[in-house]
Amino acid sequence: MKSVCLLSGGLDSLVSLALAKKETEVLLALTFDYGQRSFRDEKESSSKIASHYGVHHKIVKIDWLGEITKTALVDKKKTVPSVTEKEIDTKPDLLHNNAKLVWVPNRNAVFVNIAASFAESLGADQIVAGFNSEEAATFPDNSLQFVNCVNSLFRVSTFSKPRLISYVQSYNKGGIVNTGIKMKVPFELLYSCYNSSKDGRMCGTCESCVRLKMAFKGTGNFELIKDRFVEGI
Ligand SMILES: [Zn+2]
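Residues numbered from 1 in each chain as written. Predicted model: local features only at pLDDT ≥ 70, side-chain atom pairs only at ≥ 80, totals over all residues.

(A) Seen up close, the sheet that holds strand E5 (residues 163-165). Across the sheet, five strands lie side by side as E3-E2-E1-E4-E5; this open sheet has parallel pairing. Whereas interior strands pair on both sides, the edge strands pair on one side only; in this sheet they are strand E3 (57-61) and E5. Taken over all neighbouring pairs, the strand axes of this sheet differ in orientation by 25° on average, direction set aside. Relative to E5, strand E4 (residues 126-128) runs parallel, the two sharing three bridges. Directly across from Gln126, in E5, lies its bridge partner Arg163. (Pairing = 2+ DSSP bridges. Helix = DSSP H or I, 4+ residues; strand = E, 2+ residues; numbered from the N terminus. Axes fitted to C-alpha atoms, helices over the stretch in contact; angles between N-to-C directions.)

(B) Layout of unusual backbone geometry. Even without glycine at this site, Asn106 takes up a positive phi of about 60°. Checked against the element boundaries, Asn106 lands in the loop between helix H5 (92-101) and helix H6 (107-122).

(C) Quick look at the environment of Glu85. Structurally, the position occupied by Glu85 is in helix H4 (residues 85-90). By the C-beta count within 10 Å, which is 13 here, Glu85 ends up partly exposed. When the C-alpha atoms of Glu85 and Val230 are compared, they prove to be 16 Å apart, with 145 residues separating the residues in sequence. Setting aside chain neighbours within four positions, we find Glu85 in contact with Val210 and Met214. (Buried ≥ 20, exposed ≤ 12 C-beta atoms within 10 Å, placed from the backbone. Contact = placed C-beta atoms within 7 Å.)

(D) Quick look at helix H10 (residues 207-218). The terminal C-alpha atoms of H10, which comprises twelve residues, lie 16 Å apart, in line with the 16 Å expected from a rise of 1.5 Å per residue. Taken across its twelve residues, H10 has nine buried, putting it largely inside the fold. On its buried face, H10 is in contact with helix H1 (11-23), H4, H5, helix H7 (133-136) and helix H9 (173-182). Of the residues flanking the end of H10, it is Gly220, one or two places downstream, whose phi is positive at about 75°. (Expected span 1.5 Å × (residues − 1).)

(E) Inspection of H6 at higher detail. Look at H6: 23 Å from first C-alpha to last across 16 residues, which is about the 22 Å you get at 1.5 Å a residue. Of the positions making up H6, those classed as buried are Phe111, Val112, Ala115, Ala116 and Ala119. Looking down the long axis of H6, one finds its buried residues gathered within 140° of arc, a one-sided arrangement. On the buried face of H6, the contacting elements are strand E1 (2-6), strand E2 (25-33), E4, helix H8 (144-157) and E5. (Arc of directions from axis to C-beta.)

(F) A look at the pairing of E3. As paired strands, E2 and E3 are joined by five bridges and run parallel to one another. Note that in E3 the partner of Phe32 across the bridge is Val60. In this region the chain leaves E2, passes through helix H2 (residues 39-52) and returns to the parallel neighbour E3; the handedness of that crossover is right-handed. (Right-handed = clockwise from strand over helix to strand, strands pointing away.)

(G) Structural detail: the packing of H1 against H9. Two numbers describe how H1 lies on H9: the axes approach to 10 Å, and their chain directions differ by 45°. Looking at the two axes, H1 sits oblique to H9. The crossing of H1 and H9 is left-handed. Mapping the contact onto sequence places Leu11, Asp12, Leu14, Val15 and Ala18 in H1 and Lys173, Ile176, Thr179 and Gly180 in H9. (Parallel < 35°, antiparallel > 145°, perpendicular 65-115°, else oblique. Left-handed = near helix turned anticlockwise from the far one by under 90°.)

(H) Layout of the nonpolar core. Of all hydrophobic cores here, the largest spans 62 residues; its most connected members are Cys5, Leu17, Ala29, Ala115 and Ile127. Excluding its chain neighbours within four sequence positions, the residues that come into contact with Ile127 are Val4, Val112, Ala115, Ala116, Ala119, Pro162 and Leu164. (Core = buried A, V, L, I, M, F, W, Y, C linked by C-beta atoms within 7 Å.)

(I) Structural context of the pairing of E1. Burial analysis of E1 places four of its five residues in the buried class, which makes it a mostly covered element. Relative to E2, E1 is paired through five bridges, and the arrangement is parallel. Bridge pairing links Leu6 to Leu30 in E2. The parallel pair E1 and E2 is bridged by H1, and the resulting crossover is right-handed. Here E1 runs beside E4; their pairing, made up of three bridges, is parallel. Across the sheet, residue Ser3 finds its bridge partner in E4, namely Gln126.

Right under this line is the structure:
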(Lines give C-alpha, C1' and ligand atoms only; values in the text may rest on other atoms or scores of the structure.)
Protein backbone atom coordinates (compact mmCIF):
# COMPACT_ATOMS: atom_id res chain seq x y z
CA MET A 1 0.00 0.00 0.00
CA LYS A 2 1.33 3.42 -0.96
CA SER A 3 0.16 6.76 0.40
CA VAL A 4 0.15 10.47 -0.27
CA CYS A 5 -0.35 12.40 2.98
CA LEU A 6 -1.73 15.86 3.66
CA LEU A 7 0.62 17.53 6.13
CA SER A 8 -0.11 20.94 7.65
CA GLY A 9 2.25 20.32 10.55
CA GLY A 10 -0.59 20.32 13.09
CA LEU A 11 -1.43 17.60 15.62
CA ASP A 12 -3.86 15.68 13.40
CA SER A 13 -1.66 15.54 10.32
CA LEU A 14 1.46 14.72 12.38
CA VAL A 15 -0.13 11.67 14.00
CA SER A 16 -1.79 10.68 10.71
CA LEU A 17 1.56 10.74 8.92
CA ALA A 18 3.05 8.57 11.67
CA LEU A 19 0.19 6.06 11.24
CA ALA A 20 0.52 6.10 7.45
CA LYS A 21 4.27 5.58 7.74
CA LYS A 22 3.69 2.58 10.01
CA GLU A 23 1.04 1.01 7.77
CA THR A 24 2.18 1.96 4.26
CA GLU A 25 4.92 3.32 2.05
CA VAL A 26 4.49 7.10 2.11
CA LEU A 27 5.44 8.47 -1.29
CA LEU A 28 4.82 12.13 -0.59
CA ALA A 29 3.64 14.62 2.02
CA LEU A 30 1.87 17.72 0.73
CA THR A 31 1.68 21.12 2.43
CA PHE A 32 -0.47 23.85 0.93
CA ASP A 33 0.32 27.56 0.73
CA TYR A 34 -2.85 29.57 0.19
CA GLY A 35 -1.61 32.71 1.89
CA GLN A 36 -2.68 31.61 5.36
CA ARG A 37 -1.11 33.74 8.10
CA SER A 38 0.51 30.67 9.66
CA PHE A 39 2.10 29.43 6.43
CA ARG A 40 5.75 30.09 7.35
CA ASP A 41 5.32 28.21 10.59
CA GLU A 42 3.41 25.38 8.89
CA LYS A 43 6.14 25.11 6.27
CA GLU A 44 8.89 24.91 8.88
CA SER A 45 6.97 22.46 11.02
CA SER A 46 5.88 20.20 8.16
CA SER A 47 9.33 20.09 6.58
CA LYS A 48 10.88 19.07 9.93
CA ILE A 49 8.19 16.42 10.43
CA ALA A 50 8.70 15.07 6.90
CA SER A 51 12.47 14.92 7.51
CA HIS A 52 11.90 13.14 10.82
CA TYR A 53 9.95 10.41 9.01
CA GLY A 54 12.16 10.39 5.91
CA VAL A 55 9.28 11.35 3.64
CA HIS A 56 9.53 13.38 0.44
CA HIS A 57 7.85 16.74 1.05
CA LYS A 58 6.31 19.19 -1.38
CA ILE A 59 4.82 22.65 -0.93
CA VAL A 60 1.91 23.34 -3.27
CA LYS A 61 1.10 27.00 -3.85
CA ILE A 62 -2.55 27.88 -4.38
CA ASP A 63 -2.36 31.64 -4.78
CA TRP A 64 -5.88 32.03 -6.15
CA LEU A 65 -7.40 30.41 -3.05
CA GLY A 66 -5.75 33.01 -0.84
CA GLU A 67 -6.81 35.80 -3.19
CA ILE A 68 -10.49 34.87 -2.97
CA THR A 69 -10.49 34.10 0.76
CA LYS A 70 -12.00 36.99 2.73
CA THR A 71 -11.78 35.59 6.25
CA ALA A 72 -9.30 36.13 9.08
CA LEU A 73 -7.30 32.98 8.35
CA VAL A 74 -5.82 34.81 5.37
CA ASP A 75 -6.84 38.50 5.66
CA LYS A 76 -4.35 40.05 8.09
CA LYS A 77 -6.55 43.13 8.56
CA LYS A 78 -9.02 40.91 10.38
CA THR A 79 -8.54 39.24 13.75
CA VAL A 80 -8.59 35.49 14.28
CA PRO A 81 -11.31 34.86 16.89
CA SER A 82 -10.25 33.77 20.37
CA VAL A 83 -12.16 31.28 22.48
CA THR A 84 -11.91 29.88 25.98
CA GLU A 85 -11.89 26.23 27.00
CA LYS A 86 -15.29 26.70 28.64
CA GLU A 87 -16.76 28.20 25.47
CA ILE A 88 -15.56 25.22 23.44
CA ASP A 89 -17.51 22.91 25.75
CA THR A 90 -20.63 25.04 26.13
CA LYS A 91 -21.19 27.38 23.16
CA PRO A 92 -21.75 25.53 19.88
CA ASP A 93 -23.37 28.60 18.28
CA LEU A 94 -20.26 30.69 19.00
CA LEU A 95 -18.06 27.97 17.47
CA HIS A 96 -20.28 27.82 14.41
CA ASN A 97 -19.99 31.57 13.99
CA ASN A 98 -16.21 31.46 14.53
CA ALA A 99 -15.94 28.74 11.88
CA LYS A 100 -17.38 31.20 9.37
CA LEU A 101 -14.74 33.76 10.41
CA VAL A 102 -11.87 31.38 9.55
CA TRP A 103 -13.50 29.60 6.62
CA VAL A 104 -11.58 29.16 3.36
CA PRO A 105 -13.89 28.46 0.40
CA ASN A 106 -14.08 24.72 -0.36
CA ARG A 107 -10.57 24.28 1.07
CA ASN A 108 -10.47 20.62 2.02
CA ALA A 109 -12.13 19.58 -1.23
CA VAL A 110 -9.45 21.51 -3.15
CA PHE A 111 -6.70 19.90 -1.05
CA VAL A 112 -7.89 16.32 -1.46
CA ASN A 113 -8.44 16.75 -5.19
CA ILE A 114 -4.90 18.08 -5.65
CA ALA A 115 -3.66 15.16 -3.55
CA ALA A 116 -5.65 12.76 -5.76
CA SER A 117 -3.83 14.09 -8.83
CA PHE A 118 -0.49 13.39 -7.15
CA ALA A 119 -1.71 9.97 -5.97
CA GLU A 120 -2.81 8.98 -9.45
CA SER A 121 0.39 10.28 -11.02
CA LEU A 122 2.64 8.54 -8.48
CA GLY A 123 0.66 5.31 -8.27
CA ALA A 124 -0.44 5.78 -4.67
CA ASP A 125 -3.39 3.73 -3.40
CA GLN A 126 -4.59 6.18 -0.81
CA ILE A 127 -4.64 9.79 0.30
CA VAL A 128 -4.31 10.25 4.06
CA ALA A 129 -5.90 13.22 5.84
CA GLY A 130 -6.18 14.00 9.55
CA PHE A 131 -9.94 14.47 9.64
CA ASN A 132 -11.42 13.71 13.05
CA SER A 133 -14.71 13.69 14.93
CA GLU A 134 -13.93 16.77 17.03
CA GLU A 135 -13.45 19.07 14.05
CA ALA A 136 -16.19 17.37 12.05
CA ALA A 137 -18.64 18.68 14.65
CA THR A 138 -17.87 22.23 13.47
CA PHE A 139 -16.43 21.73 9.99
CA PRO A 140 -18.47 19.43 7.71
CA ASP A 141 -15.48 18.97 5.38
CA ASN A 142 -13.84 16.90 8.14
CA SER A 143 -16.70 14.42 8.38
CA LEU A 144 -16.99 10.79 7.33
CA GLN A 145 -19.79 11.92 5.01
CA PHE A 146 -17.29 14.21 3.26
CA VAL A 147 -14.78 11.35 2.94
CA ASN A 148 -17.43 9.02 1.50
CA CYS A 149 -18.59 11.65 -1.00
CA VAL A 150 -15.02 12.35 -2.11
CA ASN A 151 -14.38 8.63 -2.60
CA SER A 152 -17.48 8.41 -4.80
CA LEU A 153 -16.02 11.27 -6.84
CA PHE A 154 -12.57 9.63 -7.13
CA ARG A 155 -14.14 6.45 -8.50
CA VAL A 156 -15.16 8.45 -11.56
CA SER A 157 -12.65 11.34 -11.58
CA THR A 158 -9.56 9.08 -11.66
CA PHE A 159 -8.56 5.92 -13.50
CA SER A 160 -6.51 4.51 -10.63
CA LYS A 161 -9.23 5.21 -8.01
CA PRO A 162 -7.11 6.15 -4.98
CA ARG A 163 -9.07 6.23 -1.73
CA LEU A 164 -9.24 9.10 0.72
CA ILE A 165 -8.91 7.86 4.30
CA SER A 166 -8.40 9.26 7.77
CA TYR A 167 -6.92 6.89 10.35
CA VAL A 168 -8.20 9.23 13.07
CA GLN A 169 -11.71 9.82 11.69
CA SER A 170 -13.48 8.56 14.82
CA TYR A 171 -11.02 10.12 17.29
CA ASN A 172 -11.28 13.34 19.23
CA LYS A 173 -8.09 15.34 19.81
CA GLY A 174 -7.40 13.55 23.09
CA GLY A 175 -7.49 10.23 21.29
CA ILE A 176 -5.10 11.60 18.70
CA VAL A 177 -2.70 12.76 21.43
CA ASN A 178 -2.82 9.31 23.09
CA THR A 179 -2.13 7.63 19.76
CA GLY A 180 0.76 10.01 19.15
CA ILE A 181 2.23 9.22 22.56
CA LYS A 182 2.07 5.48 21.89
CA MET A 183 3.83 6.08 18.57
CA LYS A 184 6.41 8.45 20.08
CA VAL A 185 5.66 11.18 17.53
CA PRO A 186 7.79 14.35 17.75
CA PHE A 187 5.16 16.64 19.35
CA GLU A 188 7.84 19.31 19.73
CA LEU A 189 7.77 19.84 15.96
CA LEU A 190 4.05 20.46 15.50
CA TYR A 191 2.42 23.81 14.73
CA SER A 192 -1.36 23.92 15.15
CA CYS A 193 -2.06 27.66 15.47
CA TYR A 194 -4.19 29.79 13.11
CA ASN A 195 -1.88 32.77 13.75
CA SER A 196 1.74 33.25 12.81
CA SER A 197 4.15 32.45 15.62
CA LYS A 198 5.73 34.82 18.10
CA ASP A 199 9.30 33.69 18.85
CA GLY A 200 8.33 30.29 17.48
CA ARG A 201 5.39 30.00 19.89
CA MET A 202 1.70 29.48 19.19
CA CYS A 203 -0.86 32.10 20.33
CA GLY A 204 -2.64 29.83 22.81
CA THR A 205 -6.00 31.59 22.33
CA CYS A 206 -7.29 30.70 18.84
CA GLU A 207 -9.69 27.75 18.63
CA SER A 208 -7.04 25.46 17.19
CA CYS A 209 -4.60 26.27 20.03
CA VAL A 210 -7.27 25.94 22.71
CA ARG A 211 -8.38 22.55 21.39
CA LEU A 212 -4.73 21.46 21.33
CA LYS A 213 -4.24 22.56 24.92
CA MET A 214 -7.44 20.83 26.04
CA ALA A 215 -6.37 17.59 24.36
CA PHE A 216 -3.00 17.56 26.10
CA LYS A 217 -4.51 18.63 29.43
CA GLY A 218 -7.32 16.09 29.18
CA THR A 219 -4.89 13.24 28.65
CA GLY A 220 -2.54 14.44 31.41
CA ASN A 221 0.22 15.39 29.00
CA PHE A 222 0.20 19.19 29.03
CA GLU A 223 3.83 19.37 30.13
CA LEU A 224 4.80 18.04 26.70
CA ILE A 225 3.39 21.09 24.90
CA LYS A 226 3.12 23.81 27.57
CA ASP A 227 6.21 25.77 26.51
CA ARG A 228 5.06 26.02 22.90
CA PHE A 229 2.46 28.70 23.72
CA VAL A 230 2.92 32.43 24.16
CA GLU A 231 0.44 32.29 27.01
CA GLY A 232 2.41 29.56 28.74
CA ILE A 233 -0.62 28.36 30.69
ZN1 LIG B 1 -3.32 29.86 18.08
